[in-house]
Amino acid sequence: MKQPNRVSVLILDGEEGLFPKVLHCLSREKSVLVHVLTDKKNLHYRFSRYVESLTCYSQDLRDDELFNEIKTLHEKKGFDILLPIDDKMIKFVCRWKKNLEMFVQLPLLPPEDSIAMVSNKIEFSKYLKANQIPGPEFQVLTEPFSSKDLKISCPLLSKPYTENESGSGKGIQLFKSKQELDSLFSPVEVTKKTFFVQEYIEGRDVDCSVLCLNGEILEYTIQTPILQGKSEFSPHYGVRLIRDEEVLSVTKKLMRSLNWSGVAHIDLRYDKIQGGVKVIEVNGRFWASVEASLYGGMNFPHLYIQYSLKNKIVNNGYKEIHFFNLRGTLEKIKSNPLFLLNLTKLWKVSPIKFIVKDPLPWIFGLQKRF
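Residues numbered from 1 in each chain as written. Predicted model: local features only at pLDDT ≥ 70, side-chain atom pairs only at ≥ 80, totals over all residues. Heavy atoms only, no water.

Chemist: Teacher, can you tell me more about the sheet that holds strand S14 (residues 322–324) here?
Modeler: What links the strands of a sheet is backbone hydrogen bonding, and the strands pair in either a parallel or an antiparallel sense. In spatial order, the strands read S13-S12-S9-S10-S11-S14; together these six strands make up an open sheet with antiparallel pairing. Of all strands in the sheet, those bounded by a partner on one side alone are strand S13 (277–283) and S14. Adjacent strand axes in the sheet meet at a mean angle of 30°, parallel and antiparallel pairs treated alike. Examined bridge by bridge, strand S11 (residues 238–242) and S14 share three bridges and lie antiparallel to one another. (Pairing = 2+ DSSP bridges. Helix = DSSP H or I, 4+ residues; strand = E, 2+ residues; numbered from the N terminus. Axes fitted to C-alpha atoms, helices over the stretch in contact; angles between N-to-C directions.)

Chemist: I keep staring at the pattern of salt bridges and nothing clicks. Help me out?
Modeler: When the charged atoms of two side chains with opposite charge come close together, those side chains can pair. Going through the model one piece at a time under the given rule, you end up with 14 salt bridges. With its nearest N and O atoms 3.1 Å apart, the salt bridge here joins Arg-285 to Asp-87. With a gap of 198 residues between them, Arg-285 in the loop between S13 and helix H9 (290–295) and Asp-87 in helix H3 (residues 87–95) connect regions that are remote in the sequence. Glu-199 is paired through a salt bridge with Lys-278; the nearest N and O atoms lie 4.0 Å apart. Taken as a pair, Glu-199 in strand S8 (residues 194–199) and Lys-278 in strand S13 lie far apart in primary sequence, 79 residues in all. By the burial criterion, Glu-199 is buried, and Lys-278 matches it. One network of salt bridges, with partners in common, ties together Arg-62, Asp-64 and Glu-65. (Salt bridge = Lys/Arg side-chain N within 4 Å of Asp/Glu carboxyl O. Buried < 20%, exposed > 50% of the residue type's maximum accessible area, 1.4 Å probe, protein only.)

Chemist: Just to check I follow, could you spell out the nonpolar core for this structure?
Modeler: A general tendency of soluble globular proteins is for nonpolar side chains to be buried together. Among the nonpolar cores identified, the biggest contains 86 residues, and Ile-70, Leu-83, Leu-100, Leu-254, Met-255 and Phe-286 are the most heavily contacted of them. In terms of residue count, helix H8 (residues 245–258) provides more of this core than any other element does, six residues in total. Residues within four places of Leu-254 in sequence aside, it is in contact with Phe-124, Tyr-127, Leu-128, Ile-133, Ile-266, Val-279 and Val-282. Judged by nonpolar contacts, the second largest core, of nine residues, contains Leu-141, Leu-150, Ile-152 and Phe-175. (Core = buried A, V, L, I, M, F, W, Y, C linked by side-chain atoms within 4.5 Å. Contact = heavy atoms within 4.5 Å.)

Chemist: Please clarify how empty space enclosed by the protein should be interpreted in this entry.
Modeler: Scanning the model with the defined rule gives two cavities of 30 Å³ or more in all. Here the largest cavity is characterised by a volume of approximately 40 Å³. Lining the largest cavity are His-24, Ser-27, Tyr-50, Phe-354, Lys-357, Asp-358 and Trp-362. Elements that contribute at least two residues to the lining of the largest cavity include exactly helix H1 (19–27) and helix H13 (352–357). Considered as a void within the structure, the second largest cavity measures approximately 40 Å³ in volume. Lining the second largest cavity are Lys-121, Phe-124, Ser-125, Lys-159, Gln-198, Ile-280 and Glu-281. When residues of the lining of the second largest cavity are traced back to their parent elements, those giving at least two are helix H6 (121–130) and S13. (1 Å grid on protein atoms, 1.4 Å probe; cavity = no way out; pocket = protein on both sides within 12 Å on 5 of 7 lines; lining within 4 Å. Points joined across faces, edges and corners; volume = space filled by probe spheres on them.)

Chemist: What's the story with the pairing of strand S2 (residues 32–38) in this structure? I'm lost.
Modeler: When a strand is regular, its side chains alternate between the sheet's two faces. Across the seven residues of S2, seven count as buried, placing the element largely inside the fold. Here S2 shows no split at all, with Val-32, Val-34, Val-36 and Thr-38 on one side and Leu-33, His-35 and Leu-37 on the other all buried. A crossover connection joins strand S1 (residues 7–11) to the parallel S2 through H1; in handedness this β-α-β unit is right-handed. Pairing of S2 with strand S3 (residues 51–56) involves five bridges; the strand directions are parallel. Within the sheet, the bridge partner assigned to Val-36 lies in S3 and is Leu-54. (Right-handed = clockwise from strand over helix to strand, strands pointing away.)

Chemist: How should I be thinking about unusual backbone geometry in this particular structure?
Modeler: Most peptide bonds are trans, and most residues other than glycine sit at a negative phi. Residue Cys-154 is joined to Pro-155 through a cis peptide bond whose omega torsion reads 5°. Along the chain, Pro-155 turns up in the loop between strand S5 (138–142) and strand S6 (156–159). With a phi close to 50°, Asn-214 is a non-glycine residue in the positive phi region. Relative to the assigned elements, Asn-214 resides in the loop between strand S9 (203–213) and strand S10 (216–227).

Chemist: In this structure, what is going on with the packing of aromatic side chains? I would like to understand it.
Modeler: How two aromatic rings sit relative to each other is set out by the distance from centre to centre and by the angle between their planes. Enumeration over the complete set of coordinates arrives at 12 aromatic pairs. For the ring pair Phe-47 and Phe-364, a centre distance of 3.9 Å and an interplane angle of 15° mean the geometry is stacked. Linking Phe-47 in the loop between S2 and S3 with Phe-364 in helix H14 (residues 360–369), this pair joins segments that are 317 residues apart in sequence. Note on Phe-47: relative accessible area 28%, which makes it partly exposed. On the basis of relative accessibility, which here comes to 29%, the residue Phe-364 falls in the partly exposed class. Members of the aromatic cluster, connected to one another through ring pairs, are Phe-67, Phe-92, Trp-96 and Phe-103. Lying across the ring of Tyr-318, Arg-243 places its NZ or CZ 3.9 Å from the centre. (Phe/Tyr/Trp six-rings, centres within 6.5 Å; stacked < 30°, edge-to-face > 60°. Lys NZ or Arg CZ within 6 Å of the ring centre and 35° of its normal.)

Chemist: Explanation requested: the sheet that holds S1 in the structure shown.
Modeler: Reading across from one edge, S3-S2-S1-S4 is the order of the four strands in this open sheet, with parallel pairing throughout. This sheet does not close on itself; its edge strands, each paired only once, are S3 and strand S4 (81–83). Ignoring strand direction, the axes of neighbouring strands in this sheet form an average angle of 25°. Two elements, S1 and S2, share five bridges in a ladder whose sense is parallel.

Chemist: Would you mind going over the side chain of Ser-350 with me for this structure?
Modeler: Relative to the assigned elements, Ser-350 resides in the loop between helix H12 (343–349) and H13. Beyond its immediate chain neighbours, meaning those up to four positions away, Ser-350 contacts Tyr-295, Phe-323, Phe-324 and Thr-329.

Chemist: Looking at this structure, how should I read the packing of H1 against helix H10 (residues 300–308)?
Modeler: Two quantities define a packed helix pair, namely the angle between the helix axes and the distance between the axes. Two elements in contact, H1 and H10, have axes separated by 7 Å at closest approach and are oriented at 70°. Considering the angle they form, H1 stands roughly perpendicular to H10. Across the interface between the two elements, Val-22, Cys-25 and Leu-26 from H1 touch Pro-301, His-302 and Ile-305 from H10. Looking at the contact of H1 with H10 residue by residue, the classes come out as five nonpolar, one polar and no charged. (Parallel < 35°, antiparallel > 145°, perpendicular 65-115°, else oblique. Nonpolar A, V, L, I, M, F, W, Y, C, P; charged D, E, K, R; others polar.)

Below, the structure written as structure tokens:
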């Protein structure tokens, strides 16, 4: 039963790896009541004190069956708004927008053609070039192919170019020479494969997280890594929130051109050789460092809900802080055990507080793992 003066939200993809981070953000808001829909059986977050209800559905459902599942659940729970957190479910809501909005409020959503285009690295790279937005040089290669035909200089990156093949740095390879690149191609042609290669930019990463309406940025944070992740291309273990007018200017131009609405996370890179920043990719969903934005004073999941409901927003921007995720915190403790003794700092720069305040999902998650 919905309680007075509280917003009841249905998270549509509780099985996604970003779900705990979004839940942590929403747990800071007493006015939000969280229901969860998931295709993962025995999800240990059903034990969370911040989850009002958790409903599991079959992974084999067709789109129309999933729509009926949501409608039936709405009749039982009466939630106010849907909240998809990852690409797959955001695209589902976009496809079924006309049907869903007949009985429930939807979040701000990007145009379908924009989210489809940024999900394909080849099409997105062409788009950047056509719209004179700074980005890396790129080339599309199809077997049979000789490195002699390569038009961009090494070092370069080979990347999976479609959404279902990529994510979190998966499948990215660095090639320092044309000879190394030859190893990418099969010596015996079986089926023609397409490869996307991109200029490797000497420099450092910077990200811009945004919430937009019709191409205009409503809220944002900018962050740069302070602790590398599992690899150079995977999400960072630690970030620092910063100010950077050039990053913001480039991001504004990009979001306006896409007429973007909703959340997005833009990966950019400072170019050490040529100068300036270049757009690498757009993730049209929540992001791994959303808790860092929260600690800086920008609760994106809650703001996303409030802007979608057209509620009055009072927000004073963000603070320049640094933040380590759980893996980053463990790495910091490993390299400096005294870090563990500074409980006040741990509380302020890591997600430890969420484990302390909501321990059951972590306990059952560890039990399941072992």
